[in-house]
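So the chains spell out like this:
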Amino acid sequence: MKKKEIITLVVAVGIIAISIYFILQLLFPKAPKEETSTESANIPTVPTNIDEDTLKKVEDLSDYGKPDLTGIGKKDLFAGF
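For clarity, every value in this text was computed on a predicted model and none was experimentally measured. (Residues numbered from 1 in each chain as written. Predicted model: local features only at pLDDT ≥ 70, side-chain atom pairs only at ≥ 80, totals over all residues. Heavy atoms only, no water.)

## Digging into the overall build of the protein
For the record, the criterion: Secondary structure follows DSSP: runs of H or I at least 4 residues long count as helices, runs of E at least 2 residues long count as strands, and numbering of each begins at the N terminus. Each radius of gyration is computed over the set of C-alpha atoms, and the globule rule expresses the reference value as 2.2 Å times the number of residues to the power 0.38. The cut-offs for exposure are 20% and 50% of the maximum accessible area for each residue type, with area from a 1.4 Å probe on protein chains only; residues under the lower value are buried, those over the upper are exposed, and the others partly exposed. For every accessible area listed, the method is Shrake-Rupley and the probe measures 1.4 Å; residues are considered covered only by the protein chains on display. In summary, the charge assignment counts Lys and Arg as positive and Asp and Glu as negative, without counting His or the chain termini. Charge coordinates come from a single atom per side chain, which is NZ of Lys, CZ of Arg, CG of Asp or CD of Glu.
In terms of helices and strands, the protein carries three helices and zero strands. Over its C-alpha trace the protein gives a radius of gyration of 34 Å, far above what one expects of a compact globule, namely 12 Å for 81 residues. Per-residue burial over the protein gives 0% buried out of 81 residues. Summed over all atoms, the accessible surface of the protein reaches about 8900 Å², with 64% contributed by carbon and sulfur. The averaged location of the 12 negative side-chain charges in the protein is 20 Å from the averaged location of its 10 positive side-chain charges.

Laid out in structure tokens, this is it:
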């Protein structure tokens, strides 16, 4: 074999070996060492009574305001633009 053929063979074998290594890593990943817990497992029990003052404050909050009903039923909505 010539020197050029040997170098090509070594490079090809190296590429194949690296490819097989990555394929095996994808097919058989290592198991995670730490235990994961869901967020719902960490939440304490929900109280059965509701704080009425807080509920009223939340219901009174409005980020969007009331919808503007002008222009509803208009045939050409974009006539003013």
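## Description of the pattern of salt bridges
Counted only if it meets this: Note on definitions: salt bridges are taken to be side-chain nitrogens of Lys or Arg within 4 Å of carboxyl oxygens of Asp or Glu.
Per the stated rule, a full pass over the model turns up one salt bridge. Residue K56 pairs with D60 through a salt bridge whose shortest N-O separation is 3.3 Å. Residue K56 and its partner D60 are located together in helix α3 (residues 52-60), separated by four residues, close to a single helical turn. A relative accessible area of 51% means that K56 is categorised as exposed. Taking relative accessible area as the criterion, D60 reaches 53% and is therefore assigned exposed.

## A few points about the environment of T45
Mapped onto the elements of the fold, T45 is located in the loop between α2 (39-42) and α3. In this structure T45 comes out as exposed when scored by relative accessible area, which is 74%. For T45 and A79, which are 34 residues apart along the polypeptide, the C-alpha to C-alpha distance reads 56 Å.

## Details of the packing of aromatic side chains
Here is the rule we go by: Aromatic contacts are taken between Phe, Tyr and Trp rings whose centres are within 6.5 Å, Trp giving its six-membered ring; a plane angle under 30 degrees counts as stacked, one over 60 as edge-to-face, and the others as tilted.
As enumerated under the stated definition, the model contains one aromatic pair in all. Here Y21 and F22 contribute two aromatic rings whose centre-to-centre distance is 5.5 Å and whose plane-to-plane angle is 65 degrees, an arrangement assigned as edge-to-face.

## Points about the confidence of the model for the protein
Any segment with low pLDDT has predicted coordinates that should not be analysed in fine detail. Threshold: The pLDDT score gives, residue by residue, the confidence of the prediction method on a 0 to 100 scale.
In this model, the protein carries an average pLDDT of 83, and 95% of its residues clear a pLDDT of 70 or more. In the model of the protein, α2 stands out as the element of lowest mean pLDDT, 79, in contrast to helix α1 (residues 3-27), which has the highest, 96.

## Topic: a negative patch on the surface
Put simply, the test is: Distance thresholds for patches are 9 Å for like charges and 5 Å for nonpolar side chains (Val, Leu, Ile, Met, Phe, Trp, Tyr), applied to residues having over 30% relative accessible area and no salt bridge.
A cluster of like negative charges, contributed by D51, E52, D53 and E59, occupies part of the molecular surface. Counting through the fold element by element, E59 comes out in helix α3. By relative accessible area, E59 is classed as exposed at 60%.

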